[in-house]
Amino acid sequence: MEFDCRTYGDFSVSYSNEIAGGGERYGQDYLKFLPANIGKVNRVFEWCAGAGFIGFSLLANGLCNSLCLADVNEEAVDACRDTIQRNGLEDRVDVYASDGLRDIPESESWDLVVGNPPHSGTDEQLMWAPELIYMDADWKVHTDFYASVSRFLAPDANVIVMENKNVSSIDDFAPMIDDGNLRFVKTEDCLDHDHIYYVWSTPVR
């Protein structure tokens, strides 16, 4: 498949419009948020990565040493693989076709988890994007994520996920965070896009 490309630093990132869900736009706010709050880490995982706009951008800007990506959409995984090959990143980036975290190797360990997952917890039909990008009916994808992510986290890791305040609040996610052996830290608004906010949690040790 032929992909379009977007440039971040020295990296050319492969994508198609069908797998671009906002990581190329408001997802780039992480470049401001993370230096001010976390700093550089060793390994980042991008959940619901799509084309990996967020993760590749963090790597290109020196905010991590290595990167792990996963998505359930095979087209997204193919795009990530194309980016890895195009930029010679085989020794720094791993990508997995995975339904949630089910197919992630147990050997993975992450210092930071970021992501721009589906933002709507209903089955309401929206026409601006494929359902796979925006729809998480009954928050099943989120519930599975928070139930599973703790086992992949380094002791001082952080989980900082983007959500949309028009269709969710921390009340939707706080019980999942508690049930997943995580501690809620705070929410914080995205700097450049006022409808997006971060949900920040850390592992309980």
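Before reading further, recall that the structure is shown in the block above.
Residues numbered from 1 in each chain as written. Predicted model: local features only at pLDDT ≥ 70, side-chain atom pairs only at ≥ 80, totals over all residues. Heavy atoms only, no water.

Draft legend 1. Region of interest: the side chain of S66. Along the chain, the position of S66 falls in strand β4 (residues 64–71). At 3.0 Å, the side chain of S66 and the side chain of R43 are in polar contact. Excluding residues within four positions of it along the chain, S66 makes contact with N42, R43, V44, L59 and R92. (Helix = DSSP H or I, 4+ residues; strand = E, 2+ residues; numbered from the N terminus. Polar contact = N/O pair within 3.5 Å; in protein donor to acceptor, adjacent residues only side chain to side chain. Contact = heavy atoms within 4.5 Å.)

Draft legend 2. Quick look at the sheet that holds β4. Taken in spatial order, the 7 strands make up an open sheet running β5-β4-β3-β6-β7-β9-β8, and their pairing is mixed. Edge positions in the sheet fall to β5 (93–97) and β8 (182–189), since each of these pairs with one other strand and no more. Put simply, the sheet's adjacent strands are angled 20 degrees from each other on average, direction ignored. Here strand β3 (residues 41–47) pairs with strand β6 (residues 110–115) via 4 bridges, running parallel. Residue W47 lies in a different strand from β6, and its bridge partner there is G115. Where helix α1 (residues 30–37) meets the sheet, its contacts fall on β6, β7 (153–164), β8 and β9 (196–203), and the angle it forms with β7 comes to roughly 145 degrees. Where helix α5 (residues 140–148) meets the sheet, its contacts fall on β3, β6, β7, β8 and β9, and the angle it forms with β7 comes to roughly 165 degrees. (Pairing = 2+ DSSP bridges. Axes fitted to C-alpha atoms, helices over the stretch in contact; angles between N-to-C directions.)

Draft legend 3. Inspection of helix α6 (residues 170–179) at higher detail. Within the sequence span of α6, burial applies to F173, M176 and I177. Along the axis of α6, the buried residues cluster in a sector spanning 100 degrees; they form a single face. Of the exposed residues in α6, those oriented more than 90 degrees away from the buried face are D171, D178 and D179. Directly beyond the C-terminal end of α6, a positive phi value near 60 degrees is found at N181. (Buried < 20%, exposed > 50% of the residue type's maximum accessible area, 1.4 Å probe, protein only. Arc of directions from axis to C-beta.)

Draft legend 4. Representation of the nonpolar core in the model. Ranked by size, the top nonpolar core spans 40 residues in total, and within it Y30, F56 and L58 carry the most contacts. If near-sequence neighbours (up to four positions away) are discounted, F56 is found in contact with F11, V13, A51, L67, L69, C80, T83, I84, L89 and V93. In this structure, W110, W139, Y146 and F173 belong to the second largest nonpolar core, which totals 25 residues. (Core = buried A, V, L, I, M, F, W, Y, C linked by side-chain atoms within 4.5 Å.)

Draft legend 5. Here's a closer look at the environment of Y30. Locating Y30 in the fold gives a position in helix α1. Exposure remark for Y30: the relative accessible area of 1% places this residue in the buried category. Sequence-distant contacts of Y30, defined by excluding residues within four places in its chain, comprise P35, I54, L58, V114, G115, I160, V161, M162 and Y198.

Draft legend 6. Spotlight on the state of the cysteines. Considering all chains together, one arrives at 0 disulfides under this definition. No disulfide involves C48; its sulfur sits 12 Å from the nearest other cysteine sulfur, which is in C80. (Disulfide = S-S within 2.5 Å.)

Draft legend 7. Fine view of the pattern of salt bridges. Applying the stated criterion to the full structure yields 11 salt bridges. A salt bridge links K32 to D192, with the nearest nitrogen and oxygen atoms 2.6 Å apart. Linking K32 in helix α1 with D192 in the loop between β8 and β9, this pair joins segments that are 160 residues apart in sequence. In this structure, E106 and R151 form a salt bridge, with 3.1 Å as the shortest nitrogen-oxygen distance. Remark: R151 occurs in the loop between α5 and β7 and E106 occurs in the loop between β5 and β6; sequence separation between them is 45 residues. Connected through shared salt-bridge partners, R43, D94 and E108 make up one network. (Salt bridge = Lys/Arg side-chain N within 4 Å of Asp/Glu carboxyl O.)

Draft legend 8. The arrangement of the pairing of β4 in detail. With 7 of 8 residues buried, β4 lies mostly within the body of the structure. Bridge analysis of β3 against β4 gives 5 bridges, and the strand direction is parallel. The residue of β4 that forms the bridge with E46 is L69. Where the polypeptide runs from β3 across helix α2 (residues 53–60) and back to β4, its parallel neighbour, the crossover connection is right-handed. By the bridge criterion, 5 bridges tie β4 to β5 in an arrangement that is parallel. Bridge pairing in β5 places A70 opposite Y96. (Right-handed = clockwise from strand over helix to strand, strands pointing away.)

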